[in-house]
Structure formats: structure tokens, C-alpha cells
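In case you want the letters, here they are:
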Amino acid sequence: MNLRPLRWPDDAPRLQVFDASYSTSALFVPEVVDMSVVLRETGLAVPFHKTYAPETLVEAAATAAFAVATESTNGIFEGFATVQLQRWNRSAELSALFVAPGSRGRGLGRTLLAAALDFARSERVRCLTLETQTSNVPAIRFYQRMGFRFCGIHTALYDPAAVAPEEVAVFFTYALDVP
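Since the structure is predicted, the reported quantities are computational estimates derived from the model, not experimental observations.

Student: Honestly, the pattern of salt bridges in this entry has me stumped. Any pointers?
Tutor: Oppositely charged side chains may form a pair once their charged atoms are brought near each other. Per the counting criterion, the structure on display carries 10 salt bridges. Linking D11 and R4 is a salt bridge whose minimum nitrogen-to-oxygen distance equals 2.9 Å. Since its relative accessible area comes to 4%, D11 is described here as buried. On the basis of relative accessibility, which here comes to 6%, the residue R4 falls in the buried class. In this structure, R87 and E123 form a salt bridge, with 2.6 Å as the shortest nitrogen-oxygen distance. Residue R87 is located in the loop between β5 (77-86) and β6 (91-99), and its partner E123 is located in the loop between α3 (108-122) and β7 (127-133); the two are separated by 36 residues in the primary sequence. Taking the relative accessible area as the measure of exposure, E123 reaches 25% and is therefore partly exposed. What emerges from the salt-bridge pattern is a single network uniting R4, D11, R14 and E71.

Student: I'm lost on the sheet that holds strand β4 (residues 66-71) in this one. Help?
Tutor: Taken in spatial order, the seven strands make up an open sheet running β1-β4-β5-β6-β7-β9-β8, and their pairing is mixed. Two strands in the sheet have a free side with no partner beyond their single neighbour: β1 (2-5) and β8 (149-154). Neighbouring strand axes in the sheet, compared pairwise and without regard to direction, differ in orientation by 25° on average. In terms of strand pairing, β5 meets β6 through eight bridges, oriented antiparallel. Across the sheet, the residue bridging to F80 is F98, located in β6. Set on the sheet, helix α2 (residues 54-62) makes contact with β5 and β6; between it and β5 the angle comes to about 50°. The strands that α3 touches are β1, β4, β5, β6, β7 and β9 (169-175); relative to β6, the one it contacts most, it runs at about 160°.

Student: What should I look at first to understand the pairing of β4 in this one?
Tutor: Working note: regular strand, side chains alternate between the two faces of the sheet. Among the six residues of β4, six are classified as buried, and the element is accordingly described as predominantly covered. Across four bridges, β1 lies against β4 in antiparallel orientation. Residue pairing in the sheet places P5 in a bridge with V68 of β4. Pairing geometry for β4 and β5, over six bridges, is antiparallel. Note that in β5 the partner of V68 across the bridge is A81.

What counts as what
Residues numbered from 1 in each chain as written. Predicted model: local features only at pLDDT ≥ 70, side-chain atom pairs only at ≥ 80, totals over all residues. Heavy atoms only, no water. Salt bridge = Lys/Arg side-chain N within 4 Å of Asp/Glu carboxyl O. Buried < 20%, exposed > 50% of the residue type's maximum accessible area, 1.4 Å probe, protein only. Helix = DSSP H or I, 4+ residues; strand = E, 2+ residues; numbered from the N terminus. Pairing = 2+ DSSP bridges. Axes fitted to C-alpha atoms, helices over the stretch in contact; angles between N-to-C directions. Contact = heavy atoms within 4.5 Å.

Right, dumping it as C-alpha cells:
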């Protein structure tokens, strides 16, 4: 694995062909009661498959304060991560973290996340936040294992004409030890 900064705009063609898809046989269903939210994992009879439009990946890299990629020895991207700084509240957003399906399970996600956290600490922000979907069970489990804490949902964030109705935005945060 070769971890390196994403070079913009030179790497744009690689991002346009990057496979950031995932499949899952479960999803999290938010249950809202008064002012409380619980995410209940529910099995699916038919697996859910999600793909991302190439322009989404390109936009994440083009607007990032920090972007890093892992590439194989033959120069193919295996994963990438991007971070956006939010100076107004001393936070940063992990705006993208993707590992190609054929490269998962080898620690690339951990490596990319560690680089993003190091960058956030170097910028002296107080936390790293992220948003994912209730359908992205593998990502939710990963972020929880890495120490991120669930901090909320947004039931109307996504345009219902563009995403599956079972997809709800889920937010996580990671507190950084920065004064």
C-alpha cells in the first residue's frame, strides 16, 4: 500500500472511475420517540446496493482541505479520504472515506482514517464529524469500532427523488484532545 496526498486536479480521472459502491444485507432503521433516537439494525430479504456518482467523488476531492489516497503498486486507487475544515466552530468533517470493494479488509480504511485524524489534530480542531446513511451498515460499524460516537440523524437531508426511501442521514463525531 502506498499512502500519498491526492494531487488535484491530476487525480480527477482516477476518481471518476473509482468504485465506491457497497452492499449490505441489513440497514439501520431510526426510531424517533419524543426527543430520543434509536437505530435498530434490521435484516433485508434482498441486499441493498449503493453506488456513488463519479462527480460526487470528484467534488469531495476538489473542495477538500486535506485529501489522501492509497494506491496499489500498479497505480490504481484502492481508497481515498477527504477532510473539510469548519473554522467557525473549530471542527472538521470527514467528507469522504472510501475503500474499493476488492481492497477491503486489509486495513486501508484504518490507515486513511488515521491520516484524516492526524490532519485534524494538526489543524487544532476539537472534533472530526461525518455523515453517512442508515443503509451503510458496514461504514457505521467501522466508525463505531474506530471510536466515533453517534450524535444524531437528519430525516429530510436527502432528496427522495435521488436516494432510496430507507436512507436517512446519520451523524457521528470523534472528539480530539486539542485544547
